[in-house]
Amino acid sequence: MALLLVLLALAVVLLAVSLAAVAVRRRRPEPGPPPAPAPPPAAPAAVPQREEPPSAEPRPEREPEPPPRPEPPPEVAPPEVAPTELAPPEGAVKPRFRDRLGQARALFAGYVSSVLSRMAIDAETWGELEEALIRADVGVATTTRLLEALRARVSADGIKDSQALVDALKADLKETLAAGDRTLHCEPGAPNVWLFVGVNGVGKTTSIGKIAQRERANGRSVVMAAGDTFRAAATEQLAMWSERAGADLVRGAEGADPGSVIFDAVERARARGADLVLADTAGRLHTKVNLMEELRKVRRIAERPPARLQEVLLVVDATTGQNGLVQARQFTDAVGVTGIVLTKLDGTAKGGIAVAIQADLGLPIKLVGLGETADDLVDFDPSEFVEALFE
């Protein structure tokens, strides 16, 4: 009996221990399986690229590769052409006044059309002619003289219709512009000197270069004198033109006496038997007395033997209007101008300054610039000029 009680007590103890162990296991988390070893890293090329979400800005596209360049076609020799069939070079074509005087022609066209539309010659006709001439830079004084002479001609010849009036005005303008000697003089036997004067910015140095190329094409040997020693760019311009024209260039140090440069140029021309010396001078205001006196000194040097001073050419910018007439008067008083080179006549110039200079001062327009190239500096033709204005 006692043994039975002992066994019963032992069973109760074992049951209690088992229940306590079950309770403890429920309170603890059950351990999971051991982590699997990490796989070895794959090669970069084998890793799949993760797709990025679309953004608001588009991704830049790859620059397309240029298409393959086509192979050049085989060279084919041009067919032989007889010399008589070759077209003349473009630069050799003389520019026409009517093609280059755009601004002046546009100004005159309106007035001439209005005058021609009138059945008779009345006060308004004369008023329109006067306004046209003044606005074309002919000037008040010159316009007054032209119209007074035209009125007398209308009365003497009995002109009644507007077309005859316009023809009479054209004839008077041609006669005025044709006065004087427009020849550029160059005689054999001694170095001929053409002295160029003018204010700054009128195109003096460029005109000298163009004239050098023109005279070389005419078969004359040329020496260019860089007498504008105060502006380095002027000397460089002449150096460029001398190479282009095949002319000699004499230059001095910066700030040197311009008269000494011209003297050296004359001596070189004499030693080499050159025909022509084209002498540049520094641009100067015609109102500066000391600068004009220096220019007189340059002229005296240019006319010393063995030199033969043939031309003193004043370069005038046609766009300056009546100021060009003032310049011409001052330079003529100082150095005795023999002729005018009128530049930039193809731009916004109105053209009438040529009439004013010729009529007021008796200075002939010898050359005019109708463009940028050397071939655009041409002899002045009064008849062609007037016809171009009235077309």
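Residues numbered from 1 in each chain as written. Predicted model: local features only at pLDDT ≥ 70, side-chain atom pairs only at ≥ 80, totals over all residues. Heavy atoms only, no water.

Caption draft 1: Structural view of helix α13 (residues 382-390). Within the sequence span of α13, burial applies to Pro382, Phe385, Val386, Ala388, Leu389 and Phe390. Between the side-chain oxygen at the start of α13 and the backbone nitrogen of Ser383 there is a gap of 3.1 Å, and the oxygen is on Asp381. (Buried < 20%, exposed > 50% of the residue type's maximum accessible area, 1.4 Å probe, protein only. Helix = DSSP H or I, 4+ residues; strand = E, 2+ residues; numbered from the N terminus. Polar contact = N/O pair within 3.5 Å; in protein donor to acceptor, adjacent residues only side chain to side chain.)

Caption draft 2: Local environment of helix α8 (residues 232-245). Between its first and last C-alpha atoms α8 spans 20 Å; for 14 residues at 1.5 Å apiece the expected length is 20 Å, and the two agree. Taken residue by residue, α8 has Ala234, Thr235, Leu238, Ala239, Trp241, Ser242 and Ala245 as its buried positions. Elements that come into contact with the buried residues of α8 comprise α7 (204-217), β2 (222-225) and β3 (248-250). Positive phi appears at Gly246, one or two residues downstream of α8, with a value of about 75 degrees. (Expected span 1.5 Å × (residues − 1). Contact = heavy atoms within 4.5 Å.)

Caption draft 3: Representation of the confidence of the model for the protein. Here the protein shows a mean pLDDT of 81. Residues at 70 or above account for 78%. Mean pLDDT across the elements of the protein bottoms out in helix α1 (residues 2-27) (66) and peaks in strand β4 (residues 276-279) (98). pLDDT under 50 marks residues 31-35. Its contacts with residues more than four places away, or in other chains, come to zero contacts. Taken together, the stretch residues 69-91 has pLDDT below 50 and engages in two contacts with residues farther than four places along the chain or on a different chain. (pLDDT = per-residue confidence, 0-100.)

Caption draft 4: Structural view of the pattern of salt bridges. Applying the stated criterion across every chain yields a total of 23 salt bridges. The partner of Asp376 in a salt bridge is Arg100, with the nearest N and O atoms 3.2 Å apart. Of the two residues, Asp376 sits in the loop between β7 (365-369) and β8 (377-379) while Arg100 sits in helix α2 (residues 97-100), which places them 276 residues apart along the sequence. A salt bridge links Lys297 to Asp257, with the nearest nitrogen and oxygen atoms 3.6 Å apart. Here Lys297, found in helix α10 (residues 289-302), pairs with Asp257, found in the loop between β3 and α9 (258-272); they are 40 residues apart in sequence, far enough to count as distant. Overall, Asp257 belongs to the partly exposed group, its relative accessible area being 33%. Through salt bridges with shared partners, a single ionic network connects Arg118, Asp122, Glu124 and Glu128. (Salt bridge = Lys/Arg side-chain N within 4 Å of Asp/Glu carboxyl O.)

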